[in-house]
Amino acid sequence: NSFVTRTNTCGELRAAHVGQKVTLYGWVQYQRQGLFLVLRDFQGLTQVIIPQDEAHSHVKELLSNAPLESVVRVTGTVSPRPQGQENPKMPTGDIEVKAETAEILNSCKKLPFEIKDFTKKSEALRMQYRYLDLRSSRLQSALRLRSRVVMRMREYLCNLHGFVDVETPTLFKRTPGGAKEFLVPSREAGKFYSLPQSPQQFKQLLMVGGLDRYFQVARCYRDEGSRPDRQPEFTQIDIEMSFVDQAGIQRLIEGLLQHSWPEERGSIMTPFPSMTYEEALAEYGTDKPDTRFGMKIVDISEVLRGSNIHFVQNALSYPHGSIRAICIPQGVRYLTNKDLGSLKESAKSQFNQEIMEIFCRPDGSLKSLLTKFLGEKEQSELIQALNMQEGDVVLLAAGEHKQVCSALGALRLLSANLLEAAGLALRDPTAFHFLWVVDFPLFLPKAENPTELESAHHPFTAPHPSDVSLLYSDPTKVRSQHYDLVLNGNEVGGGSIRIHSAQQQRFVLEKVLKEDSEVLSHLIEALEFGAPPHGGIALGLDRLISLIVDAPSIRDVIAFPKSFRGRDLMGNAPDYVTPEELEPYHIQVSWPLEEKEAKKN
């Protein structure tokens, strides 16, 4: 209550305050028949008794007629609630304030929706009136927790480990590779700034500059269009260090998260487990595995190799052919035929992958189109390999290794959702399973042209020390010093040890990625002036906080987020500007025909 004219907040009064005269400020959350109202502020709720005597008739009239969500000041005396009327669900439930004077500081007009967490309202309406949505305890709690976590991170990095908080430029130039960047026109004809998708180059240059340890709560920008649960502007905890290896960065981040982790979410154990990219793909079908539950992908190629099933033999005849399966516990009980049909359709539409199902009957025998081709020994080996129990359902896929694993990985997650929707507790919502994924490939084939390569992480990532020679002979086989931090199946951080040799950086850009290195000449030249070995990481703050508070979307932990389509529905941005405003930037807008007609009308 420092610096303000209230004596207390609406959430702090207790029985110990009985008899004290207090002044409260807040919003009218609820009012009942002119007898009492509930006053709310950022910290909680207090019940205020409206006086009924003639001497305070003006106070009664004022408070009885105050519209909900009006801002009021109330002065009165703290009293114990009458016996039997205490509310154990409210921290202030043992007391009430008997109003003596009151003032309406600002009346509220008719609301577009009720300010209650359980009120169903469309997200578009919530975002249009975001300043009202922010009054909900759910959003208030999320933003305050976010603030506490960031402050603890600052404390850990700057006060305990000597990091320097540096603000890097927002206006820069285009970076090759990676996500699309927003362009900002300049007054020089034909020249544009770019909003950086991360401070990547600047933090490396800070290491060249000898700063040793850099940190920033960085605003980043990506023009990715309509992608679910992504934001065009987002925040990351950006970190870079000199003279560090992968293990050093991992230890730092584990300590950082342990130090800043909210007490009310329990404790997290370190060190975090680690698995390679290849292991993650083979066992979970993704590079961001949710390790809170089993249902791992199992290789059953050897079990079925001796069978005379045509599609099995066909798959195994290819160099990277594989037969794999997942076992869905109690799938017979919890999954309907419609569910199984949707799973198979999903694999077909997303991955062009056929799926075969196998059911384990109550007597332990198998039911499937495959069983007539399998002898007792093979069936027994299959049950053992998949650890099948009665009532389980197995989904089997055959084909190219990566495609099979990716399809089964997606079905694993879809099956988990279906099982939980049907009532089977599979993933503990209060559990936090961190995981490091390491040894990613340095390069991947481009989706649009598989004969060309692109960086799996970004072009500044260093090759694995054991694979440096392969960089010049067979870059497709090179592993990188790139590491991702995964939490409950979501990527919450990614980083790498960087290339600090100008010669190697130029080779990667020009010879492997076929990029024009001139765009990065400033960085390559900097590496020639005694650049130290260095590495770093960035944690996605929005995603991390949304997982900590179990928010359905990252938009629920950002004060003023953009919509699914990247629009600010409250301020109606982006918006049109006049030709006169565009003139200094040498830009003219070429309108689509239908928009020309709409503007005329």
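Please read these numbers as outputs of a predicted model, since none were measured by experiment. (Residues numbered from 1 in each chain as written. Predicted model: local features only at pLDDT ≥ 70, side-chain atom pairs only at ≥ 80, totals over all residues. Heavy atoms only, no water.)

## Concerning the overall build of the protein
Just so we agree on the cut-off: Runs of H or I in DSSP of at least four residues are treated as helices and runs of E of at least two as strands, each being numbered from the N terminus. For this analysis, residues touch if any pair of their heavy atoms sits within 4.5 Å. Accessible areas in this description were obtained via Shrake-Rupley with a 1.4 Å probe; residue shielding takes into account the shown protein chains only. Asp and Glu count as negative and Lys and Arg as positive, but His and the ends of the chain are not part of the count. Charge placement uses NZ in Lys and CZ in Arg. For Asp and Glu, CG and CD serve respectively.
Along the protein, the regular secondary structure elements total 19 helices and 22 strands. The principal-axis extents of the C-alpha atoms in the protein amount to approximately 95 × 75 × 60 Å. Across the protein, every contact between residues at least 6 apart in sequence was considered, and the portion connecting residues at least 24 apart equals 67%. When the accessible surface of the protein is summed, it comes to about 30800 Å², and 52% of that surface belongs to carbon and sulfur atoms. If the 68 positive side-chain charges of the protein are averaged to one point and the 76 negative ones to another, these points end up 4 Å apart.

## Comments concerning the sheet that holds strand β4 (residues 71-80)
To keep things clear, this is the line we draw: Two strands are counted as paired when DSSP detects at least two bridges linking them. The axes are straight lines fitted to the C-alpha atoms, using for helices just the contacting stretch, and the angles between their N-to-C directions are given from 0 to 180°.
If you trace the 5 strands once around the closed barrel, you get β1-β2-β3-β5-β4, paired in mixed fashion. Across the sheet, the mean angle separating the axes of adjacent strands is 55° when strand polarity is ignored. As paired elements, strand β1 (residues 21-32) and β4 share 7 bridges and run antiparallel to each other. By the bridge assignment for β4, Lys21 is matched with Thr77. Each of β1, β2 (36-41), β4 and β5 (95-106) is contacted by helix α1 (residues 57-64), which is oriented at about 75° to β5, the strand it contacts most.

## Examining the pattern of salt bridges
Let me state the cut-off plainly: Salt bridges are defined as contacts in which a side-chain nitrogen from Lys or Arg sits within 4 Å of a carboxyl oxygen from Asp or Glu. Only protein chains enter the accessibility calculation, which uses a 1.4 Å probe; a residue whose area is less than 20% of its type maximum is buried, one above 50% is exposed, and one in between is partly exposed.
Overall, the coordinates contain 36 salt bridges when judged by the stated rule. Between Arg427 and Asp290 there is a salt bridge, with the nearest N and O atoms lying 3.9 Å from each other. Here Arg427 is found in the loop between α13 (401-421) and β17 (434-438), whereas its partner Asp290 is found in the loop between α7 (277-284) and β12 (298-299), with 137 residues between them in sequence. Here Asp299 makes a salt bridge to Arg324, at a shortest N to O gap of 3.4 Å. Of this pair, Asp299 sits in strand β12 while Arg324 sits in strand β13 (residues 321-328), placing them 25 residues apart in sequence. On the basis of relative accessible area, Arg324 is assigned to the buried category, the value being 10%.

## Some remarks on a nonpolar patch on the surface
Cut-off, in case you're wondering: Patch construction takes residues with relative accessible area above 30% that form no salt bridge. Like charges are linked within 9 Å, and nonpolar side chains (Val, Leu, Ile, Met, Phe, Trp, Tyr) are linked within 5 Å.
Together, Tyr131, Phe560 and Met570 make up a nonpolar patch on the protein surface, roughly 300 Å² of accessible area in all. Along the chain, Met570 turns up in the loop between α17 (541-548) and α18 (579-582).

## Quick word on the domain arrangement of the protein
Much of the literature gives interface size as the accessible area that the parts lose upon coming together. As a reminder, the rule being used: These domain limits were set by an automatic method or by a database of domain assignments.
By the assigned domains, the protein splits into domain 1 (15-106), domain 2 (139-275 + 433-556) and domain 3 (293-422). On a C-alpha basis, the centroid separation for the pair domain 1 and domain 3 is 62 Å.

## With respect to helix α4 (residues 137-161)
An α-helix turns once per 3.6 residues; consequently, residues spaced three or four apart project the same way. Note the following rule: What a helix is expected to span follows from its residue count: subtract one and scale by 1.5 Å.
Counted at 1.5 Å a residue, the expected span for α4 with its 25 residues is 36 Å, and the 35 Å between its end C-alpha atoms agrees. The first or second residue beyond α4 is Gly162, which carries a positive phi of 70°.

## A look at the nonpolar core
As a rule of thumb, nonpolar side chains are buried together in soluble globular proteins. Threshold: Note on terminology: a nonpolar core comprises buried Ala, Val, Leu, Ile, Met, Phe, Trp, Tyr and Cys residues joined through side-chain atoms within 4.5 Å.
Residues Ile239, Ile253, Leu257, Leu485 and Leu539 are the most contacted members of the largest nonpolar core, which totals 50 residues. In terms of residues, this core owes the most to one element, α4, which gives 7 residues. Discounting chain neighbours no more than four positions away, the residues touching Leu485 are Ile253, Leu257, Phe272, Phe434, Leu435, Trp436, Asn490, Glu491, Val492, Gly493 and Leu539.

## Description of the pairing of β1
The sheet contact formed by β1 and β2 spans 5 bridges and is antiparallel. Residue pairing in the sheet places Val28 in a bridge with Leu39 of β2. Here β1 folds back onto β2, and the loop between the two strands holds 3 residues, one of which, Gln33, carries a positive phi near 50°.

## Describing the environment of Glu528
Checked against the element boundaries, Glu528 lands in the loop between α16 (521-527) and β22 (534-540). Note: C-alpha distance between Glu528 and Trp27 (501 residues apart in sequence) is 61 Å. Non-local contacts of Glu528, meaning those with residues more than four positions away in its chain, are made with Ala502 and Arg506.

## Re helix α11 (residues 337-351)
For clarity, the cut-off: This arc describes the spread of directions from the helix axis toward the C-beta atoms.
Compared with an ideal rise of 1.5 Å per residue, which puts 15 residues at 21 Å, α11 spans 21 Å between its outermost C-alpha atoms and is within 8% of the ideal. Among the residues of α11, Asp339, Leu340, Leu343, Ser346 and Ala347 are the ones counted as buried. For α11, the arc enclosing every buried residue in end-on projection is 120°, short of the 170-degree limit, so these residues lie on one face. Away from its buried face by more than 90 degrees, α11 exposes Asn337, Lys338 and Ser349. In this structure, the buried residues of α11 make contact with α10 (331-334), β14 (356-360), β16 (393-400) and α13. A positive phi of about 55° marks Asn352, the residue just after α11.

## Observations regarding the packing of aromatic side chains
The line we're drawing: Stacked, tilted and edge-to-face are the three classes applied to pairs of Phe, Tyr and Trp rings, where Trp contributes its six-membered ring and a pair requires centres within 6.5 Å; stacked means planes under 30 degrees apart, edge-to-face means over 60, and tilted covers the rest.
Counted according to the given criterion, the structure contains 10 aromatic pairs. Here the aromatic rings of Phe272 and Phe434 are separated by 4.5 Å at their centres, their planes lie at 10°, and the arrangement is stacked. Taken together, the residues Phe272 in the loop between α6 (246-260) and β11 (274-276) and Phe434 in strand β17 connect sequence positions 162 residues apart. The residues Phe272 and Phe434 share a single accessibility class, namely buried. Between Tyr576 and Trp591, the aromatic rings sit 5.3 Å apart at their centres with planes inclined by 50°, giving tilted as the arrangement.

## Digging into the pairing of β5
In terms of strand pairing, strand β3 (residues 44-49) meets β5 through 2 bridges, oriented parallel. Opposite Ile49, over in β5, you have Lys98 as the bridge partner. Bridge count for β4 against β5 is 10 bridges, and the pairing is antiparallel. Paired with Arg73 across the strands is Glu103, a residue of β5.

## Focus on the sheet that holds strand β20 (residues 482-487)
Read from one edge of the open sheet, 8 strands run β6-β9-β10-β22-β21-β20-β17-β11, paired in mixed fashion. For this open sheet the edge positions go to β6 (164-165) and β11, each flanked by a neighbour on one side alone. As paired strands, β20 and strand β21 (residues 490-497) are joined by 6 bridges and run antiparallel to one another. By the bridge assignment, His482 is partnered in β21 with Ser496. Along the sheet, helix α5 (residues 200-208) contacts β9 (213-221), β10 (233-242) and β22; its crossing angle with β10, the most-contacted strand, is approximately 20°.

## Considering unusual backbone geometry
At the junction of Thr270 and Pro271, the peptide bond is cis and its omega measures out at -5° in the coordinates. With respect to the helices and strands, Pro271 occurs in the loop between α6 and β11. Residues Ala573 and Pro574 are joined by a peptide bond in cis, for which omega reads 0°. One non-glycine residue with positive phi stands out, namely Phe3, at about 70°.

## Notes on the environment of Phe434
Judged by relative accessible area, which is 5%, Phe434 ranks as buried. Once you skip the residues sitting within four places of it in the chain, Phe434 turns out to touch Leu257, Trp261, Ile268, Phe272, Pro273, Leu485, Val486 and Leu487.

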